[in-house]
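# Examination of the molecular architecture
Here is how the chains run, residue by residue.
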Protein chains: 2
Amino acid sequence: MNILFWLKEPEKHFPPHQELKHFRDGVCVQYIGEKSGLSQSTISQYLSMMQKAGLVILTRHGKWTYYKRDEKLIKKYIAHLKSHL
Amino acid sequence: MNILFWLKEPEKHFPPHQELKHFRDGVCVQYIGEKSGLSQSTISQYLSMMQKAGLVILTRHGKWTYYKRDEKLIKKYIAHLKSHL
DNA sequence: TCTACATTTCGGTAATTATCAAAATGTTAT
DNA sequence: ATAACATTTTGATAATTACCGAAATGTAGA
C-alpha cells in the first residue's frame, strides 16, 4: 500500500532521476527500496509480485528497472472492494 | 470480507431467525459460523476482533449474540483506500 | 571480453497467522 | 440452583509470511 501511495506522486517521495526526467516510467527499484527500509532483495520481490498481480508496470532502461502504477487494476480493485465490502 | 459481504444482505445468505424478525440486529454467531465452514471458536474470535476493530456491531439477546455491519467505519475504510491506494 | 553495478533468484529462519479442541463462562428456563 | 445450550477464552500446533544474505543473472561501457 505504501509503495502504491508513494508512486502516486513520485516527485514528492523520491529524489529526481537523472537519466529519466519527470518519472515518466516511474521510480527505480533502488529508490523504492531505500524509502521502504527493506532490503534490496525483499523490495525486488515485492515489486515483481505486484507486477505479476497487475498493480504496477515495469519498464527497463539499461541497468535500471522502473516501476509505475497500473491505474487500471487499482481502480478495478477499489471498485471490487466497494461492492463486496 | 466474506462475512461483511454476507451481512450486507442477511436474508440472501442466512436462514431466517425465529426469535428476531428481519435480521434487525444482524445474524447470530452460529449461522455465520456454519456459513463460513470454520469452527465455532474461530468464528467467535473473528467476530470479536471485527467488533473491536469497529466493523460490526454486537447485540446480545438472551443466549444469542447477533452481529450486523457497522457501516460508518466500513465507509471510512473504503474512503481511506480510495485516497491511499 | 572484463568490470562494475543494478536487479533477481534462491534457500533459509524468525515471526505471525489461521485454526482447532477443550475448558470456561454467560444465559435462560425449569 | 441446575440443566441445557450459546458463546468466549485459552493453549496449542501447523501453515504461511516477511524478510534477509548470498549467489546468480542482466546490462552498459571501457
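Along each chain, the written sequence defines residue order, and numbers are assigned to residues from 1. Each chain is given a letter, starting from A, and each ligand a number, starting from 1, according to the order in which they appear as written. With pLDDT at 70 or above as the cut-off, local features in this predicted model cover only qualifying residues; side-chain atom pairs require 80 or more to be listed or tallied, and sums for whole chains, interfaces and linings still use all residues. Note: side-chain values were computed over all heavy atoms of the structure, leaving out hydrogens and water.

### Quick word on the relation of the copies chain A and chain B
- By a simple turn and slide, chain A fits onto chain B: the slide is 0.0 Å along the axis, the RMSD is 0.0 Å, and the turn is 180°. This pairing of chains is accounted for by a two-fold axis. Residue I78(A), judged by its C-alpha, is the member of chain A lying nearest the rotation axis, at 3.9 Å.
- Only heavy atoms enter the contact rule, under which two residues are in contact if any of them lie within 4.5 Å. Comparing interface residues between copies, 100% of those in chain A also sit at the interface in chain B, which points to an isologous, same-surface contact. Residues reaching a pLDDT of at least 70 in both copies supply the C-alpha atoms on which the copies are superposed by least squares.

### Let's talk about the packing of helix α5 (residues 71–84) of chain A against helix α5 (residues 71–84) of chain B
- To obtain each axis, a line is fitted to C-alpha atoms, and for helices this fit is confined to the stretch in contact; angles are then taken between N-to-C directions over 0 to 180 degrees. Strands are runs of DSSP state E lasting at least two residues, helices are runs of H or I lasting at least four, and both sets are numbered from the N terminus onward. With their axes 10 Å apart at the nearest point, α5(A) and α5(B) run at an angle of 180° to one another. Relative to α5(B), the element α5(A) is oriented roughly antiparallel. The segment α5(A) lies against α5(B), with I78(A), L81(A) and K82(A) engaging I78(B), L81(B) and K82(B).
- Note that Gly is not counted as nonpolar here; it falls among the polar residues with everything else outside the nonpolar set of Ala, Val, Leu, Ile, Met, Phe, Trp, Tyr, Cys and Pro and the charged set of Asp, Glu, Lys and Arg. Here the residues of the contact of α5(A) with α5(B) are counted per class, giving 4 nonpolar, no polar and 2 charged. Orientation labels follow simple angle bins: below 35 degrees gives roughly parallel, above 145 gives roughly antiparallel, 65 to 115 gives roughly perpendicular, and whatever is left gives oblique.

### Considering the packing of aromatic side chains
Residue and element names in this part refer to chain A.
- Note on aromatic contacts: the rings of Phe and Tyr and the six-membered ring of Trp form a pair at centre separations within 6.5 Å, being stacked when their planes are under 30 degrees apart, edge-to-face when over 60 apart, and tilted otherwise. Within this structure, the stated rule accounts for 2 aromatic pairs over all chains.
- Seen from their ring centres, W6 and F14 are 6.3 Å apart, and the 85° between their planes marks the pair as edge-to-face. Accessibility classification places W6 together with F14 in one group, the buried group. Here's how the labels work: a residue is buried when its accessible area is under 20% of the maximum for its type, exposed when over 50%, partly exposed in between, all with a 1.4 Å probe on protein chains only.

### Comments concerning helix α4 (residues 40–53) of chain B
Residue and element names in this part refer to chain B.
- Each residue after the first adds 1.5 Å to the expected span of a helix. Taking 1.5 Å per residue as the helical rise, α4 with its 14 residues ought to reach 20 Å, and the 20 Å between its terminal C-alpha atoms agrees with that figure.
- Along α4, the residues classified as buried are I43, L47 and M50. Buried residues of α4, viewed axially, fall in a sector of 60°; they line one side.
- Here the buried face of α4 lies against α1 (2–8), α3 (29–36), β2 (56–61) and β3 (64–69).
- One or two steps after α4, the chain reaches G54, where phi turns positive at roughly 95°. Summarising the geometry, the arc corresponds to the directions from the helix axis toward the C-beta atoms.

### As for the interface of chain A and chain B
- Listed per partner, the contact involves 14 residues of chain A and 14 residues of chain B.
- Both faces combined, the contact of chain A with chain B buries some 1400 Å², and carbon together with sulfur accounts for 72% of it.
- The term buried area denotes the loss of accessible surface (1.4 Å probe radius) that occurs when two parts are joined, taken as the sum for both partners. It is M1(A), I78(A) and L85(A) in chain A that bury the most area against chain B; as a group they hold 45% of the surface buried on that side.
- Among the secondary structure elements, those contributing two or more residues to the side of chain A that touches chain B are α1 (2–8) and α5 of chain A.
- Counting residues per element, the side of chain A that touches chain B draws most heavily on α5(A), which supplies 8 residues.
- Across the side of chain A that touches chain B, the residue classes tally to 8 nonpolar, 3 polar and 3 charged.

### Thoughts on the sheet that holds strand β3 (residues 64–69) of chain A
Residues and elements named next belong to chain A.
- In this scheme, strands are said to pair when DSSP sees at least two bridges between them. Overall, antiparallel pairing links the 3 strands, which are arranged β1-β3-β2 in an open sheet. Pairing within the sheet leaves two strands with one partner each, and these edge strands are β1 (27–28) and β2 (56–61).
- Here 2 bridges tie β1 to β3, and the two strands are oriented antiparallel to one another. Of the residues in β3, the one forming a bridge with V27 is Y67.
- Relative to β2, helix α4 (residues 40–53) is tilted by about 120°, and along the sheet it contacts β2 and β3.

Spatial relationships are all this shows, so hold off on functional conclusions.
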